[in-house]
Amino acid sequence: MAVSIALAGKPNSGKSTFFKATTLANVEIANYPFTTIDANHGVAYIRTTCPCVGLNLKCGNCRDGVRFVPIGMIDVAGLVPEAHKGRGLGNAFLDNLRQAKAIIHVIDASGGTDIEGNPVSVGSHDPLEDIKFLEHEITMWIFGILKRNWDRLSRKIQAEGLKLEETIAGQLEGAGIRESHVRTALAKLKLPRDKPHVWTDEQITELSDMLRAESKPLIIAANKIDMAPQQNIERLVKAGAIPVSAAAEVALRLADKSGAVKYIPGDNDFIESPDLSDAQREALLKIRTLIKKNNGTGIQRCVDETVFRLLDRIIVYPVEDENRFTDKSGRILPDAFLLKRGSTPKDLAFMVHTDIGKGFLYAVDARTRMRLGDKYELKNGDIIKIVAVK
Ligand SMILES: Nc1nc2c(ncn2[C@@H]2O[C@H](COP(=O)(O)OP(=O)(O)OP(=O)(O)O)[C@@H](O)[C@H]2O)c(=O)[nH]1
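Procedures and definitions
- Residues numbered from 1 in each chain as written.
- Predicted model: local features only at pLDDT ≥ 70, side-chain atom pairs only at ≥ 80, totals over all residues.
- Heavy atoms only, no water.
- UniProt positions renumbered as here; feature names shortened; annotations may be inferred.
- Core = buried A, V, L, I, M, F, W, Y, C linked by side-chain atoms within 4.5 Å.
- Buried < 20%, exposed > 50% of the residue type's maximum accessible area, 1.4 Å probe, protein only.
- Helix = DSSP H or I, 4+ residues; strand = E, 2+ residues; numbered from the N terminus.
- Domains from an automatic or database assignment.
- Contact = heavy atoms within 4.5 Å.
- Pairing = 2+ DSSP bridges.
- Axes fitted to C-alpha atoms, helices over the stretch in contact; angles between N-to-C directions.
- Parallel < 35°, antiparallel > 145°, perpendicular 65-115°, else oblique.
- Left-handed = near helix turned anticlockwise from the far one by under 90°.
- Nonpolar A, V, L, I, M, F, W, Y, C, P; charged D, E, K, R; others polar.
- Right-handed = clockwise from strand over helix to strand, strands pointing away.
- Phe/Tyr/Trp six-rings, centres within 6.5 Å; stacked < 30°, edge-to-face > 60°.
- Lys NZ or Arg CZ within 6 Å of the ring centre and 35° of its normal.

An unreviewed UniProt entry annotates the protein as Putative GTPase, probable translation factor originating from Candidatus Methanoperedens nitratireducens. In its Sequence similarities (unreviewed entry) section, the UniProt record describing the protein reads: "Belongs to the RelA/SpoT family."

J.: I tried to follow the nonpolar core on my own but got confused; where do I start?
T.: If you look at soluble globular proteins, the nonpolar side chains tend to sit buried side by side. Formed by 55 residues in total, the largest nonpolar core has its most connected members in I103, I168, L172, W199, L207, L211 and F270. A total of 9 residues in this core trace back to one element, the largest contributor, which is helix α3 (residues 128–148). Each of domain 1 (4–128 + 217–305) and domain 2 (139–213) gives at least three residues to this core. Beyond its immediate stretch of four places on either side in the chain, I168 contacts L146, W150, V182, W199, L207 and L211. Membership of the second largest hydrophobic core comes to 37 residues, among which are F19, A21, I104 and A221.

J.: In this structure, what is going on with the sheet that holds strand β10 (residues 337–340)? I would like to understand it.
T.: Pairing within the open sheet is mixed, and its 5 strands lie in the order β10-β9-β13-β11-β12. A strand with exactly one partner marks an edge of an open sheet, and here the two such strands are β10 and β12 (370–372). Across this sheet, the average inter-strand angle for adjacent strands is 45°, counted without regard to direction. In this structure, strand β11 (residues 360–365) lies alongside strand β13 (residues 383–388), joined through 5 bridges in antiparallel fashion. Each bridged residue has a counterpart across the sheet, and for Y362 the counterpart in β13 is V387. Across the face of the sheet, helix α12 (residues 345–352) comes into contact with β9 (313–319), β10, β11, β12 and β13 while running at roughly 135° to β10.

J.: Just checking my understanding: could you explain unusual backbone geometry for this structure?
T.: Apart from glycine, the bulk of residues carry a negative phi angle, and the bulk of peptide bonds sit in the trans form. Located in the positive-phi region is K224, a residue other than glycine, with phi close to 70°. Its location among the elements puts K224 in the loop between β5 (218–223) and α8 (230–238). Residue classification places K224 among the buried positions, given a relative accessible area of 18%. Look at L333: it is not a glycine, yet its phi comes out positive at around 40°.

J.: Looking at this structure, how should I read the packing of helix α6 (residues 179–188) against helix α7 (residues 201–215)?
T.: Two packed helices can be described by the angle between their axes and the distance between those axes. Two numbers describe how α6 lies on α7: the axes approach to 9 Å, and their chain directions differ by 130°. When the axis of α6 is compared with that of α7, the two are oblique. Between α6 and α7 lies a crossing of right-handed hand. Contact with α6, carried on its side by H181, V182, T184, A185, L186 and K188, involves L207, M210, L211, E214 and S215 of α7 and no other residues of that element. Looking at side-chain class alone, the contact of α6 with α7 contains 6 nonpolar, 3 polar and 2 charged residues.

J.: Looking at this structure, I do not really get the pairing of β5. What am I missing?
T.: The two faces of the sheet receive side chains in turn, since in a regular strand these alternate between them. Judged by how many residues are buried, β5 sits mostly within the fold: 6 of 6 residues are covered. The two faces of β5 match: L218, I220 and A222 on one face and I219, A221 and N223 on the other face are all buried. By the bridge criterion, 2 bridges tie β5 to strand β6 (residues 242–243) in an arrangement that is parallel. Counted as the bridge partner of A222 is P243 from β6. The parallel pair β5 and β6, bridged by α8, forms a crossover whose chirality is right-handed.

J.: Honestly, the packing of aromatic side chains in this entry has me stumped. Any pointers?
T.: Aromatic rings considered in pairs are described by the distance between their centres and by the relative angle of their planes. Scanning the entire structure with this criterion turns up 1 aromatic pair. Here the guanidinium or amino end of R288 rests over the ring plane of F270, the centre of that ring lying 4.2 Å away. Looking at R371, its charged tip hangs above the ring of Y362, at a distance of 3.8 Å from the centre.

Spelled out as structure tokens, the structure:
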């Protein structure tokens, strides 16, 4: 999978429900801490307008012109404060972070669970307290790895002239931190580069925090808005959170699957089937009111914002026949690839296949039939024909 996102948060915040909403996989959902014992891996989808719409084609790979492009979703074990010290299921959680490019932090906006995830009466816990603790846990985890060999490493850097960035990145490789992250973080901090052995714990914590922010960008999903006090939602939105009802999204996706409604994930409305019971209609009315007010359940928005905004990815469609926008067997716009903004046609060629990357000659913009220069920066929605030696 090109990109994987981790769902994190304290127990009972609704991660498993969120996971089910994005993947419709069957995970256990229950109202007590640690329902999720092991990490769940699934496939979720980002939403975009299918390029077949603008071309007046029917590609067969989208739903009414809405295209869904797969990404990996990791539902990680419940996390409690001080998990980095090995309490609770902390280490299992932290291991999973390695695989993720970004994090969706699911918090219980209703305030109906305490800081450790135990159910309490709605509104009695302040969900804003939950925001900081996850960042702190990840920072302290990075700090722990860095500190483990710091004395030896910092002396080596000074005595043997090891490169600072390279050495720190090497130590944190297992956390998914690369040299480019270290370079950016160090540039922002005023640490005495030539004397890493005198850096204080406070300074190393600051560096760890910067590395966390660089390598694991995070958005906050304020879940359970269907039962949250309005003032909680407002305060959380002010703090940058996206209001979400994972339960509403699960209900809509299941109803769509069963044919009770037609619902396209990310929409702020749905079409009811004519033969529903009164009870079903009533339940759906509640959901409709909620998603009208909030412009959707928020689930799709979280996934899309993580990939497009946080990770700055674009979607590009490779084709073999630039006149008909098809692959060899005539399928229209069969594939969608996620790439980092700034990628070139050659990067795309390597993603399609190593051999195509190695044999890359040039690329053609299928819309304009123009040959693209080697340095061309791919744009979101580009349809590209790659010409390579056989
Ligand atoms: N009202 C409401 N309840 C929700 C929503 N999402 C989850 N819940 C409920 O919150 C409880 C916990 O949900 P889970 O998805 O199991 O939470 P979790 O974070 O995965 O919990 P652990 O597995 O213990 O880490 C369950 O009773 C869910 O039904 C929501 O959007 N609205």
